[in-house]
Amino acid sequence: MNCLKELKLRGFFRQCTDENNLEKIFEEKKIAFYAGFDPTNVSLHLGHLVPIMAMANLQRMGHKPIALVGGGTAMIGDPSGKTEARKMLTVEDIDNNLLKIKTQLEKFIILDGEKGIFVNNAEWLRNLNYLNFIRDIGRYFSVNRMISFETYKEKLKHGLSFLEFNYILLQSYDFLELYKKYGCLLQVGGDDQWANMVSGVELIRRITTSTEVECLTFPLILTSDGKKMGKTEKGAVFLSSELTSTYDFYQYWVNVTDADTVRFLKLYTFLPMEEIKKYETLKGAELRDAKRILAFEVTLQQVDGFVKV
């Protein structure tokens, strides 16, 4: 199976550091790849479903996902897409959130240590020697280049703390650690992470001279009426049934607009593309069955898990 083609067909492609090289790597071997998740809440939400489903699809194609949860980086907070500094959490809160997020991820991807791996970057970040880190890693980063990234441009308008300024170094270091420990060749994530992800690729190439590492981003999903995916009048739609009831979760999906139905079937279910195509020409009442299928498939994963690899 052409992995990159499949990701594009399903809507999981926004930009890539070197598309031709990544396609070549996918064709030649099964690789380890990773996505990061921020444990600043007790639950992931629908915004996280795009990277999760992309990971699940790649795992079904034979590649090994590494789900990294930022028990270390959460102590600083990612400034990407934020105009205000994040609230600082205690280590106990972060570790508690981390365990709950692991349970949610395991409903979509296998993280048994063989077919998939779960890691916490606190393992290498919390006891990091700052002077050694700045000397060994910081020297590869240009401040001029960092502040040219859109993430920092926006943050500078409202105030960028030195604490937040360090984040891009830490996320890049995560990629380097995963490359060394697991041979991880690819980072995937939302398009708002592009600057952090490219920096990780560049760091590995400078330190190891590897020509294989790449990163791939997914589009930030908006509904057809321009609203942020997973946002309702009640607030965010969470993957935890304790925060968003199974009924409300199902209702969110069964009530998506006609224009979003087929697109969401591609992104948020494992239905074959051939089956999804038959809904592309339907409109109005004819799409009701497709919406019910969408709602059932995604809700089944939220409640019971639907991991089959």
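Sequence order sets the numbering: in each chain, residues are counted from 1 along the sequence as written. The model is predicted, so local features are restricted to residues of pLDDT at least 70 and side-chain atom pairs to those at 80 or more, both for listing and for counting; the totals for chains, interfaces and linings are taken over all residues. Values shown for side chains rest on all heavy atoms present in the structure; no hydrogens or waters enter the calculation.

*Asks:* Whenever I open this one, the sheet that holds strand β1 (residues 15-16) confuses me. Can you help?
*Replies:* Pairing between the strands of a sheet is mediated by backbone hydrogen bonds and can be parallel or antiparallel. Two strands pair if DSSP finds at least two bridges between them. Each helix is a run of DSSP H or I of at least 4 residues and each strand a run of E of at least 2, with the numbering of both proceeding from the N terminus. Spatial strand order, β1-β6-β5-β2-β3-β4: six strands in an open sheet with mixed pairing. Each end of this open sheet is capped by a strand with a single partner; those strands are β1 and β4 (117-120). Where strand β2 (residues 32-37) and strand β5 (residues 184-190) come together, three bridges link them in parallel fashion. When the bridges of β5 are listed, A32 appears paired with C184. Relative to β5, helix α10 (residues 167-182) is tilted by about 145°, and along the sheet it contacts β2, β3 (64-69), β4, β5 and β6 (214-218). In what follows, residue pairs with any heavy atoms lying within 4.5 Å of each other are defined as contacts. Axis lines are fitted through C-alpha atoms, for helices just across the contact stretch, and the angle between N-to-C directions can take any value from 0 to 180 degrees. Together, β1, β5 and β6 form the strand contacts of helix α11 (residues 194-208), whose direction differs from that of β6 by roughly 170°.

*Asks:* For this particular structure, what's the right way to read the pattern of salt bridges?
*Replies:* Proximity of charged atoms lets side chains of opposite charge pair with each other. For salt bridges, the criterion is a side-chain nitrogen of Lys or Arg within 4 Å of an Asp or Glu carboxyl oxygen. In total, this model carries 15 salt bridges according to the counting rule given. Between K102 and E106 there is a salt bridge, and its shortest N-O distance comes to 2.7 Å. Buried residues are those whose accessible area, probed at 1.4 Å on protein chains only, stays under 20% of the maximum for their type, while exposed residues exceed 50% and partly exposed ones sit between those limits. What makes K102 partly exposed here is its relative accessible area of 24%. We classify E106 as partly exposed; its relative accessible area is 33%. A salt bridge links E280 to K266, with the nearest nitrogen and oxygen atoms 3.4 Å apart. Here the residue E280 occupies a position in the loop between α14 (273-277) and α15 (288-303), and K266 occupies one in helix α13 (residues 258-268), the gap between them amounting to 14 residues.

*Asks:* Before we go on, may I ask you to explain α13 in this structure?
*Replies:* At 3.6 residues per turn, the α-helix brings residues three or four places apart onto the same side. Most of α13 sits out of view: eight of its eleven residues are buried. Residues of α13 that are buried include every one of D260, T261, V262, F264, L265, K266, L267 and Y268, and no others.

*Asks:* In this structure, what is going on with unusual backbone geometry? I would like to understand it.
*Replies:* Peptide bonds are mostly trans, and most non-glycine residues show a negative phi. If you check the backbone angles, T209 has positive phi at about 65° while not being a glycine. Structurally, T209 can be placed in the loop between α11 and β6.

*Asks:* Would you explain the state of the cysteines in this entry?
*Replies:* By definition, a disulfide is the covalent link that joins the sulfur atoms of two cysteine residues. Our working definition of a disulfide is a cysteine sulfur pair at a distance within 2.5 Å. Enumeration over the complete set of coordinates arrives at zero disulfides. No disulfide involves C16; its sulfur sits 6.7 Å from the nearest other cysteine sulfur, which is in C215. For C184, which is in no disulfide, the shortest distance to another cysteine sulfur is to C215 and amounts to 11 Å. In this structure C184 comes out as buried when scored by relative accessible area, which is 0%.

*Asks:* What is the right way to read helix α3 (residues 49-60) from this model?
*Replies:* Taking 1.5 Å per residue, twelve residues should reach 16 Å; α3 reaches 16 Å between its end C-alpha atoms and fits that length. Those residues of α3 lying buried are L49, V50, P51, I52, M53, A54, M55, A56, N57, L58 and Q59. Phi for G62, located one or two positions after α3, is positive at around 105°. One fewer than the residue count of a helix, multiplied by 1.5 Å, yields its expected span.

*Asks:* Where do I start with the nonpolar core in this structure?
*Replies:* Inside soluble globular proteins, nonpolar side chains tend to come together where they are buried. Definition used in this section: a nonpolar core is a set of buried Ala, Val, Leu, Ile, Met, Phe, Trp, Tyr and Cys residues joined via side-chain atoms within 4.5 Å. In terms of nonpolar packing, the biggest core is built from 94 residues, with F37, L46, L49, L105, W253, F264 and Y268 touching the most fellow members. Apart from the residues lying within four places of it in its own chain, the contact partners of L46 are M229, G230, V237, L239, F249, Y252 and W253.

*Asks:* So what exactly am I meant to see when it comes to the pairing of β3 here?
*Replies:* Residues in a regular strand project their side chains so that they alternate between the two faces of the sheet. Across the six residues of β3, five count as buried, placing the element largely inside the fold. Bridge count between β2 and β3: six bridges; the pairing is parallel. Of the residues in β3, the one forming a bridge with A32 is K64. After leaving β2, the chain enters α3 and then returns to the sheet as β3, a path that is right-handed. Pairing analysis gives four bridges linking β3 to β4, with the strands arranged parallel. Paired with A67 across the strands is F118, a residue of β4. Seen with its strands pointing away from the viewer, a crossover is right-handed if its path from the first strand over the helix to the second goes clockwise.

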